[in-house]
Protein chains: 6
Amino acid sequence: MALTFTLALAADHSPLQDFCVADPKSQVLVNGLACKDPTLVKANDFFFRGLHLEGNTSNPVGSKVAPVTVSQLPGLNTLGISLARIDFAPWGTNPPHTHPRATEILTVIEGTLEVGFVTSNPGNRHVTKVLQKGDVFVFPVGLVHYQRNVGYGNAVAIAALSSQNPGVITIANAVFGATPDIASDVLAKAFQVDKDVVADLKSKF
Amino acid sequence: MALTFTLALAADHSPLQDFCVADPKSQVLVNGLACKDPTLVKANDFFFRGLHLEGNTSNPVGSKVAPVTVSQLPGLNTLGISLARIDFAPWGTNPPHTHPRATEILTVIEGTLEVGFVTSNPGNRHVTKVLQKGDVFVFPVGLVHYQRNVGYGNAVAIAALSSQNPGVITIANAVFGATPDIASDVLAKAFQVDKDVVADLKSKF
Amino acid sequence: MALTFTLALAADHSPLQDFCVADPKSQVLVNGLACKDPTLVKANDFFFRGLHLEGNTSNPVGSKVAPVTVSQLPGLNTLGISLARIDFAPWGTNPPHTHPRATEILTVIEGTLEVGFVTSNPGNRHVTKVLQKGDVFVFPVGLVHYQRNVGYGNAVAIAALSSQNPGVITIANAVFGATPDIASDVLAKAFQVDKDVVADLKSKF
Amino acid sequence: MALTFTLALAADHSPLQDFCVADPKSQVLVNGLACKDPTLVKANDFFFRGLHLEGNTSNPVGSKVAPVTVSQLPGLNTLGISLARIDFAPWGTNPPHTHPRATEILTVIEGTLEVGFVTSNPGNRHVTKVLQKGDVFVFPVGLVHYQRNVGYGNAVAIAALSSQNPGVITIANAVFGATPDIASDVLAKAFQVDKDVVADLKSKF
Amino acid sequence: MALTFTLALAADHSPLQDFCVADPKSQVLVNGLACKDPTLVKANDFFFRGLHLEGNTSNPVGSKVAPVTVSQLPGLNTLGISLARIDFAPWGTNPPHTHPRATEILTVIEGTLEVGFVTSNPGNRHVTKVLQKGDVFVFPVGLVHYQRNVGYGNAVAIAALSSQNPGVITIANAVFGATPDIASDVLAKAFQVDKDVVADLKSKF
Amino acid sequence: MALTFTLALAADHSPLQDFCVADPKSQVLVNGLACKDPTLVKANDFFFRGLHLEGNTSNPVGSKVAPVTVSQLPGLNTLGISLARIDFAPWGTNPPHTHPRATEILTVIEGTLEVGFVTSNPGNRHVTKVLQKGDVFVFPVGLVHYQRNVGYGNAVAIAALSSQNPGVITIANAVFGATPDIASDVLAKAFQVDKDVVADLKSKF
């Protein structure tokens, strides 16, 4: 499972043929997924069903992401794009994260979202906006960003990402929930807090 | 004119800074748009309002595309992605076209769409599928493709494209509606018809 | 079949070693062709014989293309370039087509050619020129273009393309000759003609 | 200001001429820096002096980075590489950060460093190693990573980055020190702590 | 001077619009040439006349190259391809050189050529072949290569290169004819000869 | 042999997953190295020991390069960067060479180096500088360059290259030491010397 997942994350190259549908049975690991025999490719290889389904937001952050990357839709292999549906309970938050390999463009289908991203050093400027239904916002590649439902009911957004395997690094999980964990001394210096605060933060992930 | 000008400048490069918001006042024409002074950039530069608005499909093909490319949303400059909303009247068709610089991934928001693309020579294989609400389909870069509303009511789709300036070549318009027109003899040989059929086809564009 | 297979594997990446000669025996399908063992590579892997041979133009369009892509010359793999010879009978036409993955630069070896390309929407501007022996013309990547012999005798051109697997989409064949065919209703709306005209056009391909 | 300005312009493209030395006087902002007139280019444009100088590590994290990017060395423009010297006091830490546009390769010149990076979701695997003088380690592009002096004396490293403008996002600063700050509610949900802990963390940056 | 200037600006990027014809009047120097206003572009911008003309081979090496790069044909800007005609007197030689930014594919139009390239260290393998009219050969990007007329009469070849500004480094000129010259001691060590042999070699360039 | 084999496979692509550690056991040859199963990857895959070791400069040129490319450090695969240590005896020279796939940035750790590169035709301009400890210099991709110890003692430099498999073409070896050798007539014309001088030069390599 872990292997499949990791493998399913390979390639963003420009396509070098009409298509290169990812072959789930291939034993070959390359920088990008190996392709299925093109003569066996079917319309279903370019198809995914389910973005109409409401996500289950009963979790600590109150949001749920349903990705449609090359892992869910093998025809995306080599084509450099993917989609996701994001559901938010009231005050639900898609917490600060980065996509190491993609810019994100998001449009609100329902509800009201506060969104923002932060520029790199030394500015660390926070660029933020409240979005309504039909509004569109862009999160440049690699920058820390988040969304939060600030309306009265649920909210739904469709996001597109400029990679078939954009990757996600949820900041809190990567820093305080790494396995094995990062030395508390490193994190205490980084966040300028005592080690018991670090220990408390680690205990949540 | 403004549109032509803007399109002629749009950029797909990997971003080389946090962002490079397109500067509509720049006199400099390069392979990609010149950037606005980053200290003057505002959240609105990454924002577009209007994808909730229904398109006017009262036209011969019965469909309407509302693009959100770098021309509408300057913050997309250099970031390699864009969105569009497509509205379809019953039996409305987004006619065969190519995007010379982008793959398209589409999800149905409402209604039922027949979609398809055709592979390059010598196969010219037609890969087609009927989509319902929540379904997703991919059209690989450069290939001829189309969508058609085959349901009873209106249909709406959101499409994402892997370029901030994907370009559109509507086949019928490019071939029979070019300015000045392509010699009828060329088109008669290409489509294996008499010149009066070509003349008739040209008269529509 | 063999051709389809080979095309489906060709590669345009920047080379990451001195060369990566395509291995015709490889079972591995990737975004680009697998390489032959470099210690077994020979000068003949970089060599092709036959561009001096006149093409047979006895066909409905009166032209013949002899490609030298990675399918014919395995040493081109990963190197991003290919050649072709095009022969034209008097009034022979290389009908409107696109190369989804390459710009084309062409020089006339013999005869007189009318050439042209059409820009994308909304302009659909037709850029055209009559060429004599020794003239050179460029067809930008992805745009619809054609050539036609407008001289008294045969014509010959050498074209270079910026990909080892440029791909060809002949417009008439892709639109009216796809397998299975595109619904007549789609094409009737696209070309603004009756379905019987569409049926007639389909019957030619 | 000058720094921000310069960073906002830096370029990673493949060079399209022998060199394109960044022109500090150019008013033109593009995706990458405008070039100096090549006839005015001098050897000093490819030169930087100062990596032998010990950095001042008298600061809360006990480390100091001296970058040699296109901002310091204009000849790096378009060439896709840069250097840095990093000094560490005993137990000094270069805190968790990402480079949105570069992989880093580091070699220890003096001392003993513990280094590590964390993979993306869902694994968040911590890959870590203790390095001695002459050891080399790699931090893949976009991943969170850090270094810490775990020896008895000072430590020095030379790092190379695969971009002339790699960018740095120090996690703690971007998340808790953004301007304006990110809503405490967002951060409290993200780190699963009370808002007063968030307030305390914000007060440090 | 004009040539140097133009070369220093040429661009290989993927085009980000239908075309970006180089503007000879632009004062802006970027990594690639600034574009002409697209509304002023004409068919002649994509056109060059003269590859039918025999080159003057009355020079010490007995060969002459007529390039058609972005310097001669501004419409090639951003399109990643160029052409050249090479004429050879009997025993004329196009001496060992590299193209730092292009692979070359060559076809013989007339005569008989011996061609070869040398792989990188440590092999320095010489891959060589004698070509007749209609034969095609490939020289991978960056490798040292040459051609020599080994037939009885003149020879002519058409070469295509995978860049609109491929660059040429003629080995003998770069090493023994640099301005100012490279220290004789460096060259004596490199070629394992006495300094007087180096002095003699320098005197020829 | 093993070295040649490995080099022939190395990869410079943008990484399409967190990492793609080169698998030394893979039988698959592609444009870039096949990856190790990511679940088996260890910290040692990103690690190399030995850059603190002095190189043996007892050879005709008086210099020694210790490379840390993907051949020595498999974790560099797909990450586009590498390092090297260069040792110089007094007056030792790293003779004129090119890297076909990388720019080089070098810093002096100890001693005094004269360095230089030569621009392409027609300028062949020699850009040169004497460097002290802590100085940094850049050699743009593909250009001929060299370093020479001009101080009283040994010299040491650390160089970074913008590719995990940069390649090296030592000019003298490629031209006069190719296997099989290049015809003396070609080299005599190229260097404008008698064939006996060519024979003498060939005898050294």
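Computed from a predicted model, the values in this text were never measured in an experiment. (Residues numbered from 1 in each chain as written. Chains lettered and ligands numbered in written order. Predicted model: local features only at pLDDT ≥ 70, side-chain atom pairs only at ≥ 80, totals over all residues. Heavy atoms only, no water.)

S.K.: Report on the pattern of salt bridges, specifying residues and quantitative values.
M.R.: Summed over the entire model, instances satisfying the criterion amount to 47 salt bridges over all chains. The salt bridge partner of arginine 101 of chain C is aspartate 18 of chain A, with a shortest N-O separation of 3.5 Å. Separated into two different chains, arginine 101 of chain C in the loop between strand E4 (93-98) and strand E5 (104-110) and aspartate 18 of chain A in the loop between helix H1 (2-7) and strand E1 (29-30) make up a pair that spans both. Through salt bridges that share partners, Glu114 and Arg148 of chain A together with Asp185 of chain D make up one connected network. (Salt bridge = Lys/Arg side-chain N within 4 Å of Asp/Glu carboxyl O. Helix = DSSP H or I, 4+ residues; strand = E, 2+ residues; numbered from the N terminus.)

S.K.: Break down the relation of the copies chain A and chain B for me, with residues and values.
M.R.: Of the two same-sequence chains, chain A is brought onto chain B (RMSD 0.0 Å, axial shift 0.0 Å) by a rotation of 180°. Expressed as a symmetry operation, the mapping of one chain copy onto the other fits a two-fold axis. When the interface residues of chain A are mapped onto chain B, 100% of them again fall at the interface, so both copies present the same face. (Least-squares fit on C-alpha atoms with pLDDT ≥ 70 in both. Contact = heavy atoms within 4.5 Å.)

S.K.: Talk me through the sheet that holds strand E5 (residues 82-88) of chain F; I want residue IDs and the actual numbers.
M.R.: The 6 strands lie next to each other as E3(D)-E10(F)-E7(F)-E12(F)-E5(F)-E4(F), forming an open sheet whose pairing is antiparallel. Here the strands that pair on one side only, and so sit at the sheet edges, are strand E3 (47-49) of chain D together with strand E4 (63-68) of chain F. Within the sheet, the average angular offset between the axes of one strand and its neighbour, ignoring direction, is 20°. Here strand E7 (residues 104-110) of chain F runs beside strand E12 (residues 155-161) of chain F; their pairing, made up of 6 bridges, is antiparallel. Among the inter-strand pairings, glutamate 104 of chain F is bridged to a residue of E12 of chain F, identified as leucine 161 of chain F. (Pairing = 2+ DSSP bridges. Axes fitted to C-alpha atoms, helices over the stretch in contact; angles between N-to-C directions.)

S.K.: Quick one: what's the story with the interface of chain A and chain B, residue by residue and with numbers?
M.R.: With 48 residues of chain A at the interface, the matching set in chain B holds 48 residues. Carbon and sulfur atoms supply 69% of the area that chain A and chain B bury against each other, a total of about 3,900 Å² over both sides. Taken as a group, Asp18, Phe46 and Ile81 of chain A account for 15% of the area that chain A buries against chain B, more than any other trio of residues on that side. Among the salt bridges present, the one from aspartate 135 of chain B reaches arginine 49 of chain A, with a minimum N-O distance of 2.8 Å. On the surface where chain A and chain B come into contact, there are 16 residue pairs in polar contact (both at pLDDT 80 or more). If you list the elements that add at least two residues to the side of chain A that touches chain B, you get strand E3 (47-49), strand E5 (82-88), strand E7 (104-110), strand E9 (126-131), strand E10 (135-139) and strand E12 (155-161) of chain A. A per-class count over the side of chain A that touches chain B returns 28 nonpolar, 13 polar and 7 charged. Relative to strand E8 (residues 135-139) of chain B, E3 of chain A runs antiparallel, the two being bridged by 3 bridges. Looking at E8 of chain B, one finds that phenylalanine 47 of chain A is bridged to phenylalanine 137 of chain B. (Buried area = accessible area lost by both parts, 1.4 Å probe. Polar contact = N/O pair within 3.5 Å; in protein donor to acceptor, adjacent residues only side chain to side chain. Nonpolar A, V, L, I, M, F, W, Y, C, P; charged D, E, K, R; others polar.)

S.K.: Quick rundown of the arrangement of the chains? Include the residues and the values.
M.R.: Across the gap from chain C to chain D, with no contact made, the nearest C-alpha atoms are 11 Å apart. Separated without contact, chain B and chain F have their nearest C-alpha atoms at a distance of 11 Å.

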